[in-house]
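Results of the structural survey
Each chain, written out:
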Amino acid sequence: MKILKFSLFVFSFFFLAPFSFSQIEDEKIEISMATVEGAKISEEEIIKLEEKLKETPENLVLRAKVLGYYFSRSIKDRQLRKKFQENVLWVIKNKPESQLAGMPQCELNPHIDGEIYEEGKKLWLENIEKFKENKKVLENAGNYFMVYDKEIAEGLFKKLQEIAPENPIYYEKLGHLYSLKMIGKKGKEREEISKKALLQYEIAYSFANEIQKFHILEEMAKLSFEANEIEKAKKYSMELLDKKEGKEGKWFYGNAIHYGNIVLGKIALKENKKEEAKKYLIEAGKTPGSPQLNSFGPDFTLAEELLEAG
């Protein structure tokens, strides 16, 4: 179960693809950073930002800061949640093709937001109908439905694969969706879903660039183990560890060390090689960290399984 927590994180939040210096990519960075900055501002600053936003409602950097503020504070405060909801609905209605519309700061939760989630859902369904061939709108809608309306999201990512069959992102997104479907499942059912997820990541890998391949390899290694395809799990884990050489300092370097060794340790334990599994656990702990590991912590499943094995 915990091995999937990292997948849950592979957020929508920062899609760790390589950045170019094009205007579009610069905008992506600016919007992403604005949400981070917004989470840090004071009550006095948010009042000033709200006033500026009234004057220039189309300014997505300002709106990203405002959403970042409310996103980080609104779970326990109903008044702040209302402000958050208002801004999310504005983005879905007015800027469905924007970078901001596809981020977690523009996602609603039916358990928390109730009718407002349904209002957002209605707006997205209207956008899907209106912008049938707009890849960014369809992708953003898929992100919105990823957790709570998986069947809609699945259809959207399959359609995107038809529109752009060589874009690895759409296969990776569908693989991530199937990974989410594994949560709470056991036995043969879990194994079958993991095989579906693995297939999507393998297709994504065939089209990915070298940077994207690191994250995809992590998922392929973990999912191969879940799918009981042990030889594949060994192959992908070893490839992940091999690829990290010479990549010290890159965001994916610590992940490769950690997850490559965790999966190899789980395989060793499955083969009743406890001493070998322990060595892999120690090697996994030698990771220098990463943005993901530093935020969400390491994968403890191998340690737990070794404890259970005595």
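Everything here concerns the structure above.
Presented here is an overview of the structure given in this document. Source: prediction; values computed, not measured.

**Quick notes on the packing of aromatic side chains**
- Counted under the stated rule, the structure contains 9 aromatic pairs.
- Each ring, one from Tyr 117 and one from Tyr 144, has its centre 5.2 Å from the other, and the planes form 10 degrees; the classification is stacked. Separated by 27 residues along the polypeptide, Tyr 117 in helix α7 (residues 115–130) and Tyr 144 in helix α8 (residues 135–145) bring together distant segments of the chain.
- Relative to Phe 145, the ring of Tyr 144 has its centre 5.3 Å away and its plane inclined at 90 degrees; by these criteria the two rings are edge-to-face.
- Among the aromatic residues, those joined into a ring-pair cluster are Tyr 117, Trp 124, Tyr 144, Phe 145 and Tyr 148.
- The ring of Tyr 205 has Lys 213 sitting right over it, with the charged end atom 4.9 Å from the ring centre.
- In this structure, Lys 222 packs its charged tip against the face of Tyr 259, placed 4.3 Å from the ring centre.

**Here we look at the environment of Glu 192**
- Its location among the elements puts Glu 192 in helix α11 (residues 187–207).
- For Glu 192, a relative accessible area of 36% translates into the label partly exposed.
- Each C-alpha atom of the pair Glu 192 and Met 146 lies 19 Å from the other, and the pair is 46 residues apart in sequence.

**Notes on the side chain of Asp 149**
- If you trace the backbone, Asp 149 turns up in the loop between α8 and α9 (150–163).
- By relative accessible area, which is 15% here, Asp 149 ends up buried.
- Not counting residues within four places of it along the chain, the set of residues in contact with Asp 149 comprises Tyr 117 and Lys 121.

**Some thoughts on the packing of α11 against helix α12 (residues 210–226)**
- Where α11 contacts α12, the two axes come as close as 9 Å, and the packing angle between them is 155 degrees. When the interaxial angle is binned, α11 and α12 end up roughly antiparallel. Classified by chirality, the crossing of α12 by α11 is left-handed. For the pair formed by α11 and α12, the contact residues are Arg 190, Glu 191, Ser 194, Ala 197, Leu 198, Tyr 201, Glu 202, Ala 204 and Tyr 205 on the first element and Lys 213, Ile 216, Leu 217, Glu 219, Met 220, Leu 223, Ser 224 and Glu 226 on the second.
- Considering only residue class, the contact of α11 with α12 consists of 9 nonpolar, 2 polar and 6 charged.

**With respect to the nonpolar core**
- Judged by nonpolar contacts, the single largest core of 71 residues is most densely connected at Leu 100, Trp 124, Phe 145 and Met 220.
- Leave out the neighbours within four places in its chain, and Phe 145 touches Tyr 117, Lys 121, Trp 124, Leu 125, Ile 128, Lys 150, Ile 152, Ala 153 and Leu 156.
- Counting residues in each nonpolar core, the second largest holds 7 residues, with Leu 269, Ala 284, Leu 302 and Leu 306 among its members.

**Considering the pattern of salt bridges**
- Applying the stated criterion to the full structure yields 27 salt bridges.
- Here Glu 202 makes a salt bridge to Lys 232, at a shortest N to O gap of 2.9 Å. On the criterion of sequence distance, the pair formed by Glu 202 in helix α11 and Lys 232 in helix α13 (residues 230–243) is long-range, its members being 30 residues apart.
- We note a salt bridge from Lys 286 to Glu 283, for which the minimum N-O separation is 2.9 Å.
- Assessed through its relative accessible area of 53%, Lys 286 is described here as exposed.
- Assessed through its relative accessible area of 34%, Glu 283 is described here as partly exposed.

**Concerning helix α10 (residues 168–181)**
- Relative to the 20 Å expected for 14 residues at 1.5 Å per residue, α10 spans 20 Å between its end C-alpha atoms, a close match to the ideal helical length.
- Counting buried positions along α10 yields 14 of 14 residues, so the element is predominantly enclosed.
- Measuring from the side-chain oxygen of the N-cap residue of α10 to the backbone nitrogen of Ile 169 gives 3.0 Å; that N-cap residue is Asn 167.

**Examining the packing of helix α15 (residues 274–284) against helix α17 (residues 301–308)**
- Axis separation between α15 and α17 bottoms out at 10 Å; the angle between their running directions is 150 degrees. In terms of orientation, α15 lies roughly antiparallel with respect to α17. The handedness of the crossing between α15 and α17 comes out as left-handed. When α15 is examined against α17, the residues Lys 274, Ala 277, Lys 278 and Leu 281 are found in contact with a partner set consisting of Leu 302, Ala 303 and Leu 306.
- Residue composition of the contact of α15 with α17, by class: 5 nonpolar, no polar and 2 charged.

**As for unusual backbone geometry**
- Its identity is not glycine, yet Asn 228 carries a phi of approximately 65 degrees, on the positive side.
- Its relative accessible area of 39% is what places Asn 228 among the partly exposed residues.
- In the Ramachandran plot, Asn 272 falls in the positive-phi region, its phi being about 65 degrees despite a non-glycine side chain.
- The exposure class assigned to Asn 272 is exposed, which follows from its relative accessible area of 58%.

What counts and how
Residues numbered from 1 in each chain as written. Predicted model: local features only at pLDDT ≥ 70, side-chain atom pairs only at ≥ 80, totals over all residues. Heavy atoms only, no water. Phe/Tyr/Trp six-rings, centres within 6.5 Å; stacked < 30°, edge-to-face > 60°. Helix = DSSP H or I, 4+ residues; strand = E, 2+ residues; numbered from the N terminus. Lys NZ or Arg CZ within 6 Å of the ring centre and 35° of its normal. Buried < 20%, exposed > 50% of the residue type's maximum accessible area, 1.4 Å probe, protein only. Contact = heavy atoms within 4.5 Å. Axes fitted to C-alpha atoms, helices over the stretch in contact; angles between N-to-C directions. Parallel < 35°, antiparallel > 145°, perpendicular 65-115°, else oblique. Left-handed = near helix turned anticlockwise from the far one by under 90°. Nonpolar A, V, L, I, M, F, W, Y, C, P; charged D, E, K, R; others polar. Core = buried A, V, L, I, M, F, W, Y, C linked by side-chain atoms within 4.5 Å. Salt bridge = Lys/Arg side-chain N within 4 Å of Asp/Glu carboxyl O. Expected span 1.5 Å × (residues − 1). Polar contact = N/O pair within 3.5 Å; in protein donor to acceptor, adjacent residues only side chain to side chain.

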